[in-house]
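Geometric and topological summary
The lines below spell out each chain.
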Amino acid sequence: MKHYNKPLPQINGDNKEFWMGCKEHTLKFQKCKACGHVRWPPSVICPMCYSQEIQWIAARGKGKVYSFAVYHVAYHPGFEKEVPYVVADVELEEGPRLLTNIVDCQPDEVTCNMPVEVTWEDITEEFSLPKFKPSS
Ligand SMILES: [Zn+2]
């Protein structure tokens, strides 16, 4: 595995389950047992009904581009070789919107509402990042 020179995820008690799922190439989100709201980012209480009762669900990994930006400037040295690249808010079928990258296509091919599906980038022994590519 090549050297990874970008910032790594910061694990905490709320997001540990999410990142453990990513390591196994599964997108996991908290679902409120009281009202059914699926949320991101993880939190102790439901932002809709304030219940603390949760379960973790596995998302299908399919969604659409809600919004996006094409980065032409690297704001961190680790991204210098990647510009231009796409940062997108992907709305998953289950509801949450995840800030991620669109890969496996040219930046000028990305549009809002474009169907996308998850693809995994194994960046270190501990971490895999969920990224998205055009859905076939
Ligand atoms: Zn709730």
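Predicted model, so just to flag it, every value in this text is computed and none were measured.

**Regarding the nonpolar core**
By size, the foremost hydrophobic cluster in this structure holds 26 residues, and its most contacted members are Leu 27, Ile 102 and Phe 132. Elements represented by at least two residues in this core include exactly helix 1 (16-23), strand 5 (85-92), strand 6 (97-102), strand 7 (115-122) and strand 8 (128-134). Top contributing element to this core by residue count: strand 5, with four residues. Residue contacts for Leu 27: discarding those within four places in its chain leaves Phe 18, Ile 57, Ala 58, Ala 59, Gly 61, Leu 92, Leu 98, Val 118, Trp 120, Pro 130 and Phe 132.

**Overview of a nonpolar patch on the surface**
Taken together, Val 44, Ile 45 and Tyr 50 make up a surface patch of nonpolar side chains, about 310 Å² in accessible area. The residue Val 44 is located in the loop between strand 2 (38-39) and strand 3 (54-58) in this model.

**Describing the layout of surface pockets**
Counted as a void, the largest pocket has a volume near 550 Å³. It is strand 6 that provides the largest number of residues to the lining of the largest pocket, a total of four residues. Broken down by class, the residue content of the lining of the largest pocket amounts to 14 nonpolar, three polar and two charged.

Cut-offs used in this document
Residues numbered from 1 in each chain as written. Predicted model: local features only at pLDDT ≥ 70, side-chain atom pairs only at ≥ 80, totals over all residues. Heavy atoms only, no water. Core = buried A, V, L, I, M, F, W, Y, C linked by side-chain atoms within 4.5 Å. Buried < 20%, exposed > 50% of the residue type's maximum accessible area, 1.4 Å probe, protein only. Helix = DSSP H or I, 4+ residues; strand = E, 2+ residues; numbered from the N terminus. Contact = heavy atoms within 4.5 Å. Patch = residues over 30% accessible without salt bridge, like charges linked within 9 Å, V, L, I, M, F, W, Y side chains within 5 Å. Areas by Shrake-Rupley, 256 points an atom, 1.4 Å probe, with all protein chains shown as cover. Salt bridge = Lys/Arg side-chain N within 4 Å of Asp/Glu carboxyl O. 1 Å grid on protein atoms, 1.4 Å probe; cavity = no way out; pocket = protein on both sides within 12 Å on 5 of 7 lines; lining within 4 Å. Points joined across faces, edges and corners; volume = space filled by probe spheres on them. Nonpolar A, V, L, I, M, F, W, Y, C, P; charged D, E, K, R; others polar.

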